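# Tertiary structure, described
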Amino acid sequence: MWSEVALSSIGDAVLVTNDEGRVAFMNPVAQTITGWTEEALGRQLPEVFRIVNERTRLAVENPFTKLMRDGAVAGMANHSILIRKDGTEVPIDDGGAPIRGEGGAIDGVVLVFRDITDRKRTEQLILDANAYAESIVGTVREPLVILDQNLRVRTASQSFYRDFKVNPTETENQLLYNLGNGQWDIPMLRTLLEEVLPQNNQFNDFEVEHTFEDIGRRTMLLNARRIHQQGNQSELILLAIEDITARKEIEAGQEKNRQELEVIKKSADEALEYAESIINTVREPLIALDQDLRVVTASRSFYEVFKVNPQETMRQLIYDLGNKQWDIPKLRELLENILPHKASFDDYEVEHDFSTIGRRIMLLNARQIQRGEGKERIILLAIEDITARKQVENALHAAKQAVESASRAKSEFLANMSHELRTPLNSIIGFSEVLFDQTFGPLNAKQTRYVDNVLKAGQHLLSLINDILDIAKVEAGKMTVEAREFAVRPMLDNAIILVKERALKRGLTLREEVPAELMVSADERMLKQILYNLLSNAVKFTEPGGGITITAERAGNDLRVSVADTGIGIKPEDQSRLFTEFEQLDSGYDRMHQGTGLGLALTRKFVELHGGRIWVESAGEGEGSTFHFTIPLLRPSCPAPTDDEVAT
Amino acid sequence: MKMRKVLLIEDNLMNMELATDLLEAAGCEVLKAERAETGIALAIAEQPSIILMDIALPGMDGLEATRRIKQDARTAWIPIVALTASAMLGDDDRAHSAGCCGYIPKPIDTRRFAENVAAFMEMGENNADGTA
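Residues numbered from 1 in each chain as written. Chains lettered and ligands numbered in written order. Predicted model: local features only at pLDDT ≥ 70, side-chain atom pairs only at ≥ 80, totals over all residues. Heavy atoms only, no water.

## A closer look at the overall build of chain A
Short version of the rule: Secondary structure elements follow DSSP: runs of H or I of four or more residues count as helices, runs of E of two or more count as strands, with numbering from the N terminus. Per-residue accessibility, obtained with a 1.4 Å probe over protein chains only, is compared with the maximum for each type, and a residue is labelled buried under 20%, exposed over 50%, and partly exposed between these values. In this analysis, two residues are considered to be in contact whenever any of their non-hydrogen atoms come within 4.5 Å of each other.
Helices and strands together make up the secondary structure of chain A, namely 19 helices and 23 strands. Here chain A holds 648 residues, and the buried ones make up 39% of them. Long-range pairs, those at least 24 residues apart, make up 52% of the contacts in chain A between residues at least 6 apart in sequence.

Here it is as structure tokens:
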């Protein structure tokens, strides 16, 4: 029968019953699904076609009964499980229709069903996938809203609720634009969802700025995908809303930084330009090297001084400059060994023979500079040609040495002269003294006077020699102050003793006004010499019957000593000349009693060695004179004892 | 009291005569040497009570002669007094470090010379007594 053949070949299972509801026909698909074969024929339908509700597990009404009663064509119904002959279960969709014979009477029913295991599995997969997707939606950091095709919210992620301060109940099933009191009715969003998305199925990274009531102005980055759901023909819109306000602020900050950096870089460029203009204007030759020691730039003065031109200099290794003239071992050492460790060096003197310009002495200064942001190093090398300066310095040094050696020679000469002069003086003074003393026999009066003259001349010569020697010592810096602390009065007494005899002989009165407790820290020998010189002069230039007064006192931090006489006095115009060598005033005085002309000069030198000063006061000729000098009470080289030292 | 022997080492003959006359007048026996080497030999042979040493001498100078006399056990005890016209600072120090016990600058004070020499001699004798 053609109909059986046809039914056998179709993809769906087909089962036909007779008018009593007994199985009359099963095509091979139906046999496979139910597990029944020929033995099913003639059996009651529910025996072979056992179906239960998928969810309730209750037996579904016999389709034969249903069809016989309703007479309707039943469509494929879902959610049915067929229990097969062997007890296993198969999900099926089924439908059926009555078979009407001639005259409209129902001859039986035909059931059509299919195994929907695969579809069921697929549906489950979709459900699982949706659940999975929703759990992703719920957990992602980025706010996500899933909309249906009517733009109502199906679900939204936790982060959406959190970030936009809304809650699920006032969100789900709401039209997106109505969310949060119409806050989401954003024109740009409308455009995107209603115009862009339907055409492109997606949009990417649309930046939308909007002011929300609750959270203020926000910048959002919107991404959307239109998702077709296979199962139910519906459509979902996945809208990802990233709040990039903070990021934008950071970016703005970065932009600001970048702009500032730009400004800095610009000013760095300007500084660089400035630096290069300096390089070109300074008189001192400058050369800038890169980290491979190749010339980046050089100053005009570099080219001028070292007689090279820019073409043979730029980009050259410094050592190769001017036919390898710059391959100087000391320079290599500085650039390769010292600079990497120190970043700079100062005032290295390098002497080198250049074939073009001859032997030169150069003073090298270098700085290692980090140029720009990168790791690029620039070495700025300043090369000062100090050849001429050195020559001057050397000449000065030689001159200074010559002066020093001349001074040394002078001192040596004076020492030798002193020795050579004293040796014959020893005989002159010694023999005349012995003769004068008549140790070896008597002399007559004239002989005695003559020999006394020889003796006095010899003694004068000796004091000249002594004074010259002392001045030479002071000038050679060989006379040093050996300070110690001592009482002024005993020292003064000792000096007075030396002139007392002469003063008494001339009928002079000596008065001394010195506080017993007065102490000074000084070179006692020199101070005694100073006082002796002043006293000798006072005695020498004071007429018989006159007087000499010596006072010593503390004047601030100084010791002040004055020697006043009632003698011949000094004209004001002569007072300044008094303390220079060989300046003797024309006093018309017996030349044999005159001094060497060095006494006051030496006295002044001794005072000055002590850091003091000496001066004279005289109202004029015949009015007497007063010599004053001051020296510090304490020598810096001889500090006062500290409390600690006192304690021990 | 035994005659004190003074060894005078001096190259200037006039100064030699002056010192000799003054010392002999004070009752000393004076041994004379114009050169350091002769002086050293005389010191060893004659064992004088004191040596008056001129520092500037031809050949070996007075400082070196002093060192040699002080290093020789036979003469180490003899006091040596430097007699010198050199008045530069430090001369007395050099004389002392060479081994001189005193220093008489020239020109000499003829009125005190013999007296000064006697004082140094006594100093030396006391030292010698102490060590004997």
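## Details of the overall build of chain B
What counts here: Only the protein chains shown count as cover for residues, and the accessible areas themselves come from Shrake-Rupley with a 1.4 Å probe.
Assigned secondary structure in chain B consists of 5 helices and 5 strands. Listing the helices and strands of chain B from first to last along the sequence gives β-α-β-α-β-α-β-α-β-α. Burial statistics for chain B: of 132 residues in total, 48% are counted as buried. Long-range contacts, defined as pairs at least 24 residues apart, comprise 60% of the intrachain contacts of chain B with a sequence gap of at least 6. Of the roughly 6100 Å² of accessible surface on chain B, a fraction of 51% belongs to carbon and sulfur atoms.

## Examining the pattern of salt bridges
All names here are of chain A. Selection rule: Between Lys or Arg on one side and Asp or Glu on the other, a salt bridge is scored when a side-chain nitrogen of the former is within 4 Å of a carboxyl oxygen of the latter.
Applying the stated rule across the entire model yields 35 salt bridges over all chains. A salt bridge links Arg190 to Asp185; the nearest nitrogen and oxygen atoms lie 2.6 Å apart. The exposure class assigned to Arg190 is partly exposed, which follows from its relative accessible area of 32%. Overall, Asp185 belongs to the partly exposed group, its relative accessible area being 34%.

## So, helix 8 (residues 187-200) of chain A
Working note: α-helix, 3.6 residues per turn, so residues spaced by three or four point in the same direction. Residue and element names in this part refer to chain A. Our working definition: In this scheme, a helix's expected span is set at 1.5 Å multiplied by one less than its residue total.
With 14 residues, helix 8 extends 19 Å between its outermost C-alpha atoms, agreeing within 8% with the 20 Å of an ideal straight helix rising 1.5 Å per residue. Among all positions in helix 8, only Leu189, Leu192, Leu193 and Leu197 are buried. Buried residues in helix 8 make contact with strand 7 (144-148), strand 9 (202-212), strand 10 (216-228) and strand 11 (235-243). Backbone geometry just after helix 8 places Asn201 at a positive phi near 65°.

## Structural notes on the sheet that holds strand 9 of chain A
Residue and element names in this part refer to chain A. Quick note on the threshold: Any two strands between which DSSP finds at least two bridges are classified as paired. Structural elements are reduced to axes, namely lines fitted to C-alpha atoms, with helices fitted over the stretch in contact, and the angle between N-to-C directions of any two is expressed from 0 to 180 degrees.
Spatially, 8-7-11-10-9 is the arrangement adopted by the 5 strands of the open sheet, whose pairing is antiparallel. Where the open sheet ends on each side, the last strands, each with one partner, are strand 8 (153-156) and strand 9. Averaged over neighbouring strand pairs, the angle between their axes works out to 25° when direction is ignored. Across 9 bridges, strand 9 lies against strand 10 in antiparallel orientation. Looking at strand 10, one finds that Phe212 is bridged to Gly216. Running over the sheet, helix 8 touches strand 7, strand 9, strand 10 and strand 11 and is turned about 170° from strand 9.

## So, the nonpolar core
Residue and element names in this part refer to chain A. To keep it simple, the criterion reads: In this description, a nonpolar core means a group of buried Ala, Val, Leu, Ile, Met, Phe, Trp, Tyr and Cys residues linked to one another through side-chain atoms lying within 4.5 Å.
Ranked by internal contacts, the top residues of the largest apolar core, which has 47 residues, are Val488, Val520, Leu527, Leu559 and Phe629. Looking at this core element by element, the count peaks at 8 residues for helix 16 (residues 524-540). Setting aside its immediate chain neighbours within four residues, Val520 contacts Arg484, Glu485, Phe486, Val488, Leu527, Leu559, Ile631, Pro632 and Leu633. Grouped together as the second largest cluster of nonpolar side chains are 29 residues, Ala298, Ile318, Leu364 and Ile383 included.

## A few points about the sheet that holds strand 3 (residues 50-54) of chain B
Consider a sheet: its strands pair through backbone hydrogen bonds, and that pairing is either parallel or antiparallel. All names here are of chain B. Spatially, 2-1-3-4-5 is the arrangement adopted by the 5 strands of the open sheet, whose pairing is parallel. Strands at the two margins of the open sheet, each flanked by one partner only, are strand 2 (29-33) and strand 5 (102-105). Averaged over all pairs of adjacent strands, the angle between strand axes in this sheet comes to 20°, irrespective of strand direction. By the bridge criterion, 4 bridges tie strand 1 (residues 5-9) to strand 3 in an arrangement that is parallel. Paired with Leu7 across the two strands is Ile51, which belongs to strand 3. Here helix 3 (residues 62-71) sits on the sheet and contacts strand 3 and strand 4 (80-84); the angle it forms with strand 3, its principal contact strand, is near 155°.

## Overview of the pairing of strand 2 (residues 23-26) of chain A
Every other side chain in a regular strand lies on the same face of the sheet, so the side chains alternate between the two faces. Residue and element names in this part refer to chain A. Where strand 1 (residues 13-17) lies against strand 2, 3 bridges are found, and the strand directions are antiparallel. By the bridge assignment, Val16 is partnered in strand 2 with Phe25. Following strand 1, the chain reverses through 5 residues before pairing antiparallel with strand 2; Gly21 in that reversal takes a positive phi of roughly 85°.

## Quick look at the interface of chain B and chain A
Where we set the bar: Accessible area that two parts lose when put together, evaluated with a 1.4 Å probe and summed over both, is termed the buried area. In the analysis that follows, any N or O atom pair within 3.5 Å is treated as a polar contact, provided that within protein one partner can donate a hydrogen and the other can accept it, and provided that, for residues neighboring in sequence, both atoms belong to side chains. Here the term charged refers only to Asp, Glu, Lys and Arg, the term nonpolar to Ala, Val, Leu, Ile, Met, Phe, Trp, Tyr, Cys and Pro, and the term polar to all other amino acids, Gly among them.
Taken together, the contacts link 21 residues of chain B with 22 residues of chain A. Buried area between chain B and chain A, both sides added, is near 1900 Å², and the carbon and sulfur share of it is 64%. Remark: the boundary between chain B and chain A carries 1 salt bridge. For Arg111(B), the salt bridge is made with Asp437(A), and the minimal N-O distance between the two is 2.9 Å. Summed over the shared surface of chain B and chain A, the result is 7 residue pairs in polar contact (both at pLDDT 80 or more). Residue contributions to the side of chain B that touches chain A peak at 7 residues, all from helix 1 (residues 13-25) of chain B. Within the side of chain B that touches chain A, the residues separate by chemical class into 11 nonpolar, 5 polar and 5 charged.

## Looking at the side chain of Asp290(A)
All names here are of chain A. In this fold, Asp290 is placed in strand 12 (residues 286-290). Judged by relative accessible area, which is 10%, Asp290 ranks as buried. Among the polar contacts listed, one links the side chain of Asp290 to the backbone nitrogen of Asp292, at a separation of 2.9 Å. In this structure, Asp290 is in contact with Val296, Arg315, Arg377, Ile378 and Ile379, ignoring residues within four places of it in sequence.

## Remarks on the side chain of Thr20(B)
Checked against the element boundaries, Thr20(B) lands in helix 1. Setting aside anything within four residues of it in sequence, one finds Thr20(B) in contact with Leu8(B), Val30(B) and Lys32(B).

## A few points about helix 4 (residues 63-70) of chain A
Residues and elements named next belong to chain A. Stated formally: Arc definition: directions from the helix axis to the C-beta atoms.
Residues of helix 4 that are buried: Pro63, Phe64 and Leu67. Down the axis of helix 4, the smallest arc covering the buried residues is 100°, so these residues share one side. Residue Asn62 occupies the N-cap position of helix 4, its side-chain oxygen lying 2.9 Å from the main-chain nitrogen of Phe64. In the stretch just after helix 4, Gly71 is the one whose phi turns positive, near 65°.

## Regarding the state of the cysteines
Covalently bonding the sulfur atom of one cysteine to the sulfur atom of another cysteine gives a disulfide. What counts, and what does not: Two cysteine sulfur atoms form a disulfide, by the criterion used here, when they sit within 2.5 Å.
Using the criterion set out here, one finds 0 disulfides over all chains in the structure. No disulfide involves Cys101(B); its sulfur sits 7.4 Å from that of Cys100(B), the nearest cysteine.

## Describing the packing of aromatic side chains
All names here are of chain A. The following threshold applies: Stacked, edge-to-face and tilted are the three classes for Phe, Tyr and Trp ring pairs, Trp counted by its six-membered ring, which pair at centre distances within 6.5 Å; planes under 30 degrees apart are stacked, over 60 edge-to-face, the rest tilted.
A full pass over the atoms with the stated rule returns 9 aromatic pairs over all chains. For the pair Phe160 and Tyr161, a centre-to-centre distance of 6.1 Å together with 70° between the ring planes defines the contact as edge-to-face. Each member of the pair, Phe160 together with Tyr161, is buried. A centroid spacing of 5.2 Å and a plane angle of 55° characterise the contact between Trp184 and Phe212, whose relative ring orientation is tilted. On the criterion of sequence distance, the pair formed by Trp184 in the loop between helix 7 (179-182) and helix 8 and Phe212 in strand 9 is long-range, its members being 28 residues apart. You'll find Trp184 and Phe212 in the same group, each marked buried. Members of the aromatic cluster, each reached through a chain of ring pairs, are Phe160, Tyr161, Trp184 and Phe212.

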